[in-house]
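The primary structure of each chain is shown beneath.
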Amino acid sequence: MKRASLFVVVLAVVVAAAEAAQPKEIVKTFSDPKVQTFNHLVVDKNTGRVYIGAVNRLYQLSPDLDVVISEVTGPKMDSDDCSVLECNTGINKKLTDNVNKALVIDYTTTRLIACGSLSQGICTVRNLHNISDGTREVREAVVANNATASTVAFIAPGPPIPPVSQVMYVGVTFTLGSPYRSEVPAVSSRSLDKDKMFAIAQTAVTTGTRMFVNSLARERYPIMYVYGFASEGFSYFLTIQMKHTTSSQYISKLVRVCHDDENYYSYTEIPMDCISEAQGGRKYNLVQAAYVGKAGSDLASDLGITAQDDVLFAVFSESDPVVANKPSELSALCVYSLKAIRRKFMQNIKHCFSGKGQRGLDFISPSLPCVPTVST
Ligand SMILES: *[C@@H]1O[C@H](CO)[C@@H](O)[C@H](O)[C@H]1NC(C)=O
Ligand SMILES: *[C@@H]1O[C@H](CO)[C@@H](O)[C@H](O)[C@H]1NC(C)=O
């Protein structure tokens, strides 16, 4: 069978630079010596204001990077044994850093959503004009609850009535060590309706807009969420996962759900390759960062698309020879048209319907052989 390759253009291979390049002219800078790590940055496309989520701090800056508000969000007394709602006095709490895990602008309601690692990963809803005025803290476990476990969050259309209604799509790595994490889905769509803020957008007894990793697999099968985006009726997550539940090899996968889907029945994954033919087929397997945008006219014509079509730019690394889920120093940038990605999903789904291969998703339920369906 011809292997339909997804990767289209490997733009550059970046060998670790010995010296960092300096920009010619720094116009403005912002720093805070009290804070070691900045986790997220978003810019309001309407006002130019800049918001930064950091460890124990949240900043609102002017478009010129002047600090308008610096809000202290931690450290606070916390424990993995505390539920999202309460923390009984018998529990041994420790002063714990609040690491910013998600920072998203909700343009529909002109709010800033900031989620931190404390209290099982809760979010606050804030005023974009003044992030410390009228802050609402919502007691719902949404993001990862430790400093390193991954979280990706973005707003896109979703139930109940897409494309009118918007929800927050969240992908979260499962963490060990707390009795409450089994209730947090790996992927979910969360309501942005103020009466059910951050609740799972649509729920039924066993279904809804959420996907859990099978309880047997999730401890051995960590999924790292690297980037998330929406395009033409679907939401996507770029992830790093083990190749099989019984493998020590890691690969990158693209996860997709349909915006119209109230039960995540459309949840599908495809592997993402970034292969450099110029280097004899060298395979960059670990996605590190990505961005969805539009192609310029040259790139669009290379990819056989128009300049209005979405394009995914993703930077990959090779696995470290010793620790397979750690990136080595070699990296490459691959560019994919969303049109090609949609085609690949469609091919896989068609293959499956014609009875070929396995459905995959070992970790959600045992992988079943594809069953031929009769088309009419
Ligand atoms: C933001 O709101 C807080 C609380 O209402 C207020 O004390 C502060 O002065 C406001 N800051 C700005 C820059 O408006
Ligand atoms: C966060 O949780 C993951 C999964 O349980 C674990 O591997 C990682 O070491 C934890 N990180 C920290 C800083 O505790």
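Just above sits the structure.
Predicted model, so just to flag it, every value in this text is computed and none were measured. (Residues numbered from 1 in each chain as written. Chains lettered and ligands numbered in written order. Predicted model: local features only at pLDDT ≥ 70, side-chain atom pairs only at ≥ 80, totals over all residues. Heavy atoms only, no water.)

Peer 1: Any chance you could explain the site of ligand 1 here in plain terms?
Peer 2: If you check the shell around ligand 1, you find V68, N130 and D133 and nothing else. Contact distances for ligand 1 include 2.3 Å between an oxygen atom and a side-chain N or O atom of N130. For ligand 1, the protein covers 37% of the area, taking 360 Å² as the surface of the free molecule. (Near = heavy atom within 4 Å. Polar contact = N/O pair within 3.5 Å; in protein donor to acceptor, adjacent residues only side chain to side chain. Areas by Shrake-Rupley, 256 points an atom, 1.4 Å probe, with all protein chains shown as cover.)

Peer 1: Could you clarify how one ought to interpret the nonpolar core in this entry?
Peer 2: Looking at soluble globular proteins, one finds that nonpolar side chains tend to be buried together. Formed by 47 residues in total, the largest nonpolar core has its most connected members in L238, L254, L312, F316, Y336 and I341. The greatest single-element share of this core, amounting to 6 residues, is contributed by strand β17 (residues 234-242). In this structure, L254 is in contact with F229, Y236, F237, L238, T268, E269, I270, M272, I341 and F345, ignoring residues within four places of it in sequence. (Core = buried A, V, L, I, M, F, W, Y, C linked by side-chain atoms within 4.5 Å. Buried < 20%, exposed > 50% of the residue type's maximum accessible area, 1.4 Å probe, protein only. Helix = DSSP H or I, 4+ residues; strand = E, 2+ residues; numbered from the N terminus. Contact = heavy atoms within 4.5 Å.)

Peer 1: Help me understand the site of ligand 2 in this model?
Peer 2: Every residue close to ligand 2 is listed here: N146, T148, F174, T175 and L176. Between N146 and ligand 2, the recorded distance is 2.3 Å, taken from a side-chain N or O atom to an oxygen atom. Contacts to ligand 2 include L176, whose backbone N or O atom sits 2.8 Å from an oxygen atom. Protein coverage of the free-state accessible area of ligand 2, which is 360 Å², stands at 48%. Grouping the amino acids of the shell around ligand 2 by side-chain chemistry returns 2 nonpolar, 3 polar and no charged. (Nonpolar A, V, L, I, M, F, W, Y, C, P; charged D, E, K, R; others polar.)

Peer 1: It is not clear to me how the state of the cysteines should be interpreted in this structure. Could you clarify?
Peer 2: Overall, the coordinates contain 3 disulfides when judged by the stated rule. C82 shares a disulfide with C87; S-S distance 1.8 Å. For C82, a relative accessible area of 4% translates into the label buried. (Disulfide = S-S within 2.5 Å.)

Peer 1: Would you mind showing me how to read the side chain of N127 here?
Peer 2: Structurally, N127 can be placed in strand β10 (residues 123-127). Look at N127 and you get buried, because its relative accessible area is 17%. Setting aside residues up to four positions removed in sequence, N127 forms contacts with R111 and D133.

Peer 1: Is there a simple way to think about the packing of aromatic side chains in this case?
Peer 2: Applying the stated criterion to the full structure yields 11 aromatic pairs. Following the ring pairs from residue to residue traces out a cluster consisting of Y227, F229, F234, Y236 and F345. Note that R256 overlies the ring of F234, its terminal NZ or CZ placed 3.7 Å from the centroid. Across the ring face of F345, the terminal group of R256 is positioned such that the distance to the ring centre comes to 4.3 Å. (Phe/Tyr/Trp six-rings, centres within 6.5 Å; stacked < 30°, edge-to-face > 60°. Lys NZ or Arg CZ within 6 Å of the ring centre and 35° of its normal.)

Peer 1: What is the right way to look at empty space enclosed by the protein in this model?
Peer 2: Rolled over the atoms, a probe as big as a water molecule pinpoints where empty space is left. Under the counting rule described, the total for this entry stands at 1 cavity of 30 Å³ or more. Volume-wise, the largest cavity comes out at about 130 Å³. Around the largest cavity sit 16 residues that line it, and V172, F174, V184, A186 and V213 are the ones nearest its centre. Across the lining of the largest cavity, the residue classes tally to 11 nonpolar, 3 polar and 2 charged. (1 Å grid on protein atoms, 1.4 Å probe; cavity = no way out; pocket = protein on both sides within 12 Å on 5 of 7 lines; lining within 4 Å. Points joined across faces, edges and corners; volume = space filled by probe spheres on them.)

Peer 1: How should the pairing of strand β16 (residues 224-231) be read in this particular structure?
Peer 2: A regular strand places its side chains on the two faces of the sheet in alternate fashion. Most of β16 is tucked away: 6 of the 8 residues are buried. Two elements, β16 and β17, share 7 bridges in a ladder whose sense is antiparallel. Pairing of F229 across the sheet is with Y236, part of β17. Between the antiparallel neighbours β16 and β17 lie 2 residues, among them E232 with a positive phi of about 45°. (Pairing = 2+ DSSP bridges.)

Peer 1: Got a minute to help me understand the sheet that holds strand β15 (residues 210-211) in this structure?
Peer 2: To summarise the sheet geometry, strands pair through backbone hydrogen bonds and adopt either a parallel or an antiparallel arrangement. In space, the 4 strands of this open sheet follow the order β12-β13-β14-β15, with antiparallel pairing throughout. Unpaired on one side and paired on the other, β12 (151-157) and β15 mark the two borders of the sheet. Inspection of the sheet shows strand β14 (residues 187-191) paired to β15 by 2 bridges, in the antiparallel sense. Directly across from V187, in β15, lies its bridge partner M211.

Peer 1: Got a minute to help me understand the sheet that holds strand β2 (residues 38-43) in this structure?
Peer 2: In spatial order, the strands read β2-β3-β4-β5; together these 4 strands make up an open sheet with antiparallel pairing. A single partner strand is all that each edge strand has here, and the edge strands are β2 and β5 (67-72). With direction set aside, neighbouring strand axes in the sheet form an average angle of 15°. One ladder, built from 5 bridges, connects strand β4 (residues 57-61) with β5; its direction is antiparallel. Across the sheet, residue Y59 finds its bridge partner in β5, namely S70. (Axes fitted to C-alpha atoms, helices over the stretch in contact; angles between N-to-C directions.)

Peer 1: Would you explain the environment of S331 in this entry?
Peer 2: Here S331 is to be found in strand β24 (residues 327-337). For S331, a relative accessible area of 14% gives the class buried. Sequence-wise, S331 and Q288 are 43 residues apart; in three dimensions their C-alpha atoms are separated by 9.1 Å.

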